[in-house]
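Residue strings, one per chain:
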Amino acid sequence: MGFLDIRNVTKSYGALEVLHEVDISVEEGEFLVLVGPSGCGKSTLLNMIVGLEQVSSGEIRVDGELVNDLDPRERNMAMVFQSYAIYPHMTVRENMAFPLKLAKLPPEEIERRVGEAAAILELTPLLERRPHALSGGQRQRVAMGRAIVREPSVFLLDEPLSNLDAKLRGQMRMEIARLQRRLGTTTLYVTHDQTEAMTLGDRIAVLRGGNIQQIGTPRELYERPANLFVAGFIGSPAMNFLPARLEEGELVLPLGSLKLAGEGAVAVPPGGELVAAFRPEHLQLAVAGSSAGSLCFEAQVELLEWLGPELFVHFEVGLDGFGGMALPQELGIGSGDAVRTMVVARIDPGCGVKEGETLALCIDPANVQLFDARSGGNLLVDRV
């Protein structure tokens, strides 16, 4: 058991089930990120943990204690919301002290906690200001300070950076990570932004439609996604997907054929409908000697995206010979009568390629993932 244990937790609103038998175990001091598209149930799960929503079935335990029937004030948790939720008529000091006054703590203890939290968050010079005189990032720090002063056993953050601009989001992301490492408090963080999830979390839980898709470290999710949804959701740009089939021990793609890396047979699903996936950075410019064991091909550049240190090259791939496969629509490679799909490569911007030119690329078999097109499961996860 972990410090925070969520066991078989289900949440229903009448006949509508929004969370289905969720199992998560969080160790003391761990930073766990709940990530997924809007409506997947991640905020609902956070609300049940803190006590704002009732659990339909299942158990939530903190340090072994069942908290399902405890009021939010009895759970020793602190939550930071997307909307800051700070009082406009109170100063920063008064906002941070408010929950401690409700708890009837001695004035000297309140002053100590507020002073320490303000110092940690660099809010000491702002203690006498009111929210209208603060920036968005400062207001979010006040909301976090109000949570810190309670000295909770668990921090819960529900998309706290969504209202900030891109630059400020990056700054606050680093502040949150540094703060959590300093305090060592068990933290659950909800976001729909996979970049936030990858940079903040010790581990990430990916949700979709009320179900946990995979829990693991950022590296595990990136290098060995459990299914097609995780593969497409984690990483920017997203993974490339192509229909595939196995023929005499080789994987046949619209780009050509290659021999899969590793040992052991691949369990081909009924119908043999497969999806091969590889990340944009795994497509490399072909150079002398790079063809040994790799799949090399030529592609005509359709679109270039220059981002300074990196260049995204988009090109079309024909799907001749792969018609009629029942491929998941969310992959963007169509099914049935689809004849072409787009693929993106991340390459060195110094290569000098231009739109309309032909580019020679290679991919190492070790960087190719293989999925069951119907179930979405990764066929190579357990393959040595």
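Everything numeric here is computed off the predicted structure, so don't read it as measured data.

**A look at unusual backbone geometry**
Then comes step 1: The linkage connecting S236 with the following residue, P237, adopts the cis geometry, with an omega of -5 degrees.
Then comes step 2: Mapped onto the fold, P237 is located in the loop between α8 (228–233) and β11 (240–247).
Then comes step 3: At E151, a residue that is not glycine, the phi angle is positive and equals roughly 50 degrees.
Then comes step 4: Mapped onto the fold, E151 is located in the loop between α4 (136–148) and β7 (154–158).
Then comes step 5: Among the residues examined, E151 registers a relative accessible area of 43% and is labelled partly exposed.

**Some points on the pattern of salt bridges**
Then comes step 1: Counted under the stated rule, the structure contains 20 salt bridges.
Then comes step 2: A salt bridge links R113 to E151, with the nearest nitrogen and oxygen atoms 3.7 Å apart. Linking R113 in helix α3 (residues 107–120) with E151 in the loop between α4 and β7, this pair joins segments that are 38 residues apart in sequence.
Then comes step 3: Residue classification places R113 among the buried residues on the basis of a relative accessible area of 16%.

**Quick look at the sheet that holds strand β10 (residues 211–216)**
Then comes step 1: An order of β6-β7-β8-β3-β9-β10 is seen for the six strands of this open sheet, with the pairing classed as mixed. Of all strands in the sheet, those with a lone pairing partner are β6 (77–80) and β10, marking the two edges. Pairs of neighbouring strands in the sheet enclose a mean axial angle of 15 degrees, with direction left out of account.
Then comes step 2: Looking at chain direction, strand β9 (residues 203–208) and β10 are connected through five bridges and run antiparallel. By the bridge assignment for β10, L207 is matched with I212.
Then comes step 3: Where α4 meets the sheet, it contacts β6 and β7, and its direction lies at approximately 175 degrees from that of β6.
Then comes step 4: Contacts between helix α5 (residues 166–183) and the sheet are confined to β3 (31–35), β7 and β8 (186–191), with β3 contributing the most and set at about 140 degrees to the helix.

**A few points about the side chain of N378**
Then comes step 1: Among the secondary structure elements, N378 is positioned in the segment after β20 (369–372).
Then comes step 2: Among the residues examined, N378 registers a relative accessible area of 11% and is labelled buried.
Then comes step 3: In this structure the side chain of N378 is engaged in a polar contact, spanning 2.8 Å, whose partner is the backbone oxygen of P225.
Then comes step 4: When near neighbours in sequence (up to four residues on either side) are disregarded, N378 contacts R224, P225, A226, N227, Q369, L370 and F371.

**Examining empty space enclosed by the protein**
In this approach, a probe sized like a water molecule rolls over the atoms, and the result shows the empty space that is left.
Then comes step 1: What the rule picks out here adds up to two cavities of 30 Å³ or more.
Then comes step 2: If you trace the largest cavity, you find it lined by F31, V80, M144, A147, I148, F155, L157, I176, L179, Q180, L183 and T187.
Then comes step 3: Top element by residues in the lining of the largest cavity is α5. It accounts for four residues.
Then comes step 4: Residue classes in the lining of the largest cavity are distributed as ten nonpolar, two polar and no charged.

**A closer look at the state of the cysteines**
Then comes step 1: Under the defined criterion, the tally for this structure stands at one disulfide.
Then comes step 2: Covalent S-S linkage joins C296 and C362, the inter-sulfur distance amounting to 1.9 Å. Disulfide C296-C362: the torsion about the S-S bond is 100 degrees, which places it as right-handed. Residue C296 is located in strand β16 (residues 295–306), and its partner C362 is located in strand β19 (residues 358–363); the two are separated by 66 residues in the primary sequence.
Then comes step 3: For C362, a relative accessible area of 4% corresponds to the buried category.
Then comes step 4: The thiol of C351 is unpaired, and the distance to the nearest cysteine sulfur, on C362, comes to 14 Å.
Then comes step 5: Of the residues examined, C351 reaches a relative accessible area of 33% and is grouped as partly exposed.

**Here we look at the sheet that holds β20**
Adjacent strands of a sheet pair through backbone hydrogen bonds, lying either parallel or antiparallel.
Then comes step 1: Across the sheet, which stays open at both edges, the five strands sit in the order β13-β12-β11-β14-β20 with antiparallel pairing between neighbours. The strands lining the two open edges of the sheet, one partner per strand, are β13 (256–258) and β20. The average undirected angle you get between the axes of adjacent strands in this sheet is 40 degrees.

**Digging into α4**
Then comes step 1: Along its 13 residues, α4 runs 18 Å from first to last C-alpha, staying within 8% of the 18 Å computed at 1.5 Å per residue.
Then comes step 2: Of all 13 residues in α4, eleven are buried, a share of seventy percent or more.
Then comes step 3: For α4, the complete set of buried residues consists of G137, Q138, Q140, R141, V142, A143, M144, G145, R146, A147 and I148.

**What about the pairing of β20?**
Then comes step 1: Side chains of β20 alternate between two faces, with Q369 and F371 and L370 and D372 buried alike.
Then comes step 2: Strand direction decides the pairing type here: strand β14 (residues 274–278) and β20, joined by four bridges, are antiparallel. Bridge assignment links L274 to a residue of β20, and that residue is D372.

**Some words on the pairing of strand β18 (residues 340–347)**
Then comes step 1: For β18, a buried count of six out of eight residues is recorded, marking the element as mostly surrounded by other parts of the structure.
Then comes step 2: Summarising the sheet, strand β17 (residues 311–318) and β18 pair through eight bridges and their orientation is antiparallel. Counted as the bridge partner of F315 is V343 from β18.

Criteria and cut-off values
- Residues numbered from 1 in each chain as written.
- Predicted model: local features only at pLDDT ≥ 70, side-chain atom pairs only at ≥ 80, totals over all residues.
- Heavy atoms only, no water.
- Helix = DSSP H or I, 4+ residues; strand = E, 2+ residues; numbered from the N terminus.
- Buried < 20%, exposed > 50% of the residue type's maximum accessible area, 1.4 Å probe, protein only.
- Salt bridge = Lys/Arg side-chain N within 4 Å of Asp/Glu carboxyl O.
- Pairing = 2+ DSSP bridges.
- Axes fitted to C-alpha atoms, helices over the stretch in contact; angles between N-to-C directions.
- Contact = heavy atoms within 4.5 Å.
- Polar contact = N/O pair within 3.5 Å; in protein donor to acceptor, adjacent residues only side chain to side chain.
- 1 Å grid on protein atoms, 1.4 Å probe; cavity = no way out; pocket = protein on both sides within 12 Å on 5 of 7 lines; lining within 4 Å.
- Points joined across faces, edges and corners; volume = space filled by probe spheres on them.
- Nonpolar A, V, L, I, M, F, W, Y, C, P; charged D, E, K, R; others polar.
- Disulfide = S-S within 2.5 Å.
- Expected span 1.5 Å × (residues − 1).

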